[in-house]
Amino acid sequence: MIPPSFAYHAPRSIGEALTLLTELGDDAKLLAGGHSLLPMMKLRFAQPGALIDINRIPELRGIREEGGLIRIGAMTSESDLIASSLLQERLPLLPEAALLIADPQVRNRGTIGGDIAHGDPGNDHPAIAMALDATFVLQGPKGERQVKAVDFFHGTYMTALAENEILTAILVAPFQAGTGYAYQKLKRKTGDWATAGAAVVLRMAGGLVTQISIGLTNVASTALRASAAEAALMGKPLNDATLEAAAQAVRAACEPAEDLRGDIEYKTAMAGEMVKRAIRAAAARCR
């Protein structure tokens, strides 16, 4: 289908984009990579009267380290995440996980901020951001504010982002030496959304878990931070019994929607399996 007509704006600065958002109000949508919004427009599920294309705003791109944190511009593409030597060295979960997103064509255009701001529980970055304990920088007419990833997602396509705000950056602490990490994603075919996925960041000492964070993809109305599963592992060794306890906690937290990727029982079971696989893979990287 062809979307209805709309006005098109291409601001060159964050300030100009915010002015347009404020003036146009509910009738406007931000255009980042477009892989979520444009298909919805073609199906007429979304019918904005104006698009604000933020691709020409240079300060929304780039990856750098400042103040002890990695700052990733919201318009940084998946391909740029993969190619970043800074991320490969200091935060390798992100480039590794980005390789599991869609295909090269999509990764060249799709952005980390668009993936997050859309609020789709099937997108990969929300759960990864939760596992990384990331913070999102939101900018509006009254200035900047920061929201933790675990507090950002309110429901399917619903986030803490106000209508006149832009997600400008993602802040993440670099990994300490010896940190294990993994993102395990079950999908029907290459490039598909996850049937279920799990991101894990892990530290161990003396054979015991000293730090763990787990984010879950596409098993509820939003990405989930699996806090009960984390509690089941803290201070304990990793063995069949503790891994099963974590998987049980994950399954208890799941409320997936039934679709072509599987029914509720199957998706719930696979969430537990993905968590086990991700924990094992992360533990193998702990040094």
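As shown above, the structure is provided for reference.
Please read all numbers here as calculations on a predicted model, not as lab measurements. (Residues numbered from 1 in each chain as written. Predicted model: local features only at pLDDT ≥ 70, side-chain atom pairs only at ≥ 80, totals over all residues. Heavy atoms only, no water.)

### Here's the deal with the packing of aromatic side chains
Under the definition given, this model contains four aromatic pairs. Taking 5.0 Å as the distance between ring centres and 85° as the angle between the ring planes, the aromatic pair formed by Phe-136 and Phe-152 counts as edge-to-face. Of this pair, Phe-136 sits in strand S6 (residues 135-140) while Phe-152 sits in helix H9 (residues 149-152), and the two are 16 residues apart along the sequence. (Phe/Tyr/Trp six-rings, centres within 6.5 Å; stacked < 30°, edge-to-face > 60°. Helix = DSSP H or I, 4+ residues; strand = E, 2+ residues; numbered from the N terminus.)

### A look at helix H1 (residues 14-24)
Along H1, the residues that are buried comprise Ile-14, Ala-17, Leu-18, Leu-20 and Leu-21. Looking straight down H1, one finds that the buried residues subtend no more than 160° of arc, so they occupy a single side. Taken together, the buried residues of H1 touch strand S1 (7-9), strand S2 (28-31), strand S3 (50-53), S6 and strand S10 (166-172). (Buried < 20%, exposed > 50% of the residue type's maximum accessible area, 1.4 Å probe, protein only. Arc of directions from axis to C-beta. Contact = heavy atoms within 4.5 Å.)

### A short note on the pairing of S3
With burial as the criterion, each face of S3 is covered, one bearing Ala-50 and Ile-52 and the other bearing Leu-51 and Asp-53. Judged from the three bridges that link them, S1 and S3 form a sheet pairing that is parallel. Pairing of Tyr-8 across the sheet is with Leu-51, part of S3. A crossover connection joins S2 to the parallel S3 through helix H2 (residues 37-42); in handedness this β-α-β unit is right-handed. (Pairing = 2+ DSSP bridges. Right-handed = clockwise from strand over helix to strand, strands pointing away.)

### Points about the nonpolar core
If you look at the biggest cluster of nonpolar residues, it comprises 36 residues, and the most contacted ones within it are Leu-132, Phe-136 and Ile-170. With five residues, helix H8 (residues 125-131) is the largest single contributor of residues to this core. Each residue touching Phe-136, except ones within four places of it in the same chain, is listed here: Ile-116, Ala-129, Arg-145, Gln-146, Val-147, Ala-149, Phe-152, Phe-153, Leu-167, Ala-169 and Ile-170. Formed by 29 residues, the second largest nonpolar core is a distinct cluster that contains Leu-224, Cys-254, Met-274 and Ala-282. (Core = buried A, V, L, I, M, F, W, Y, C linked by side-chain atoms within 4.5 Å.)

Function cannot be inferred from these measures alone, as they are strictly geometric.
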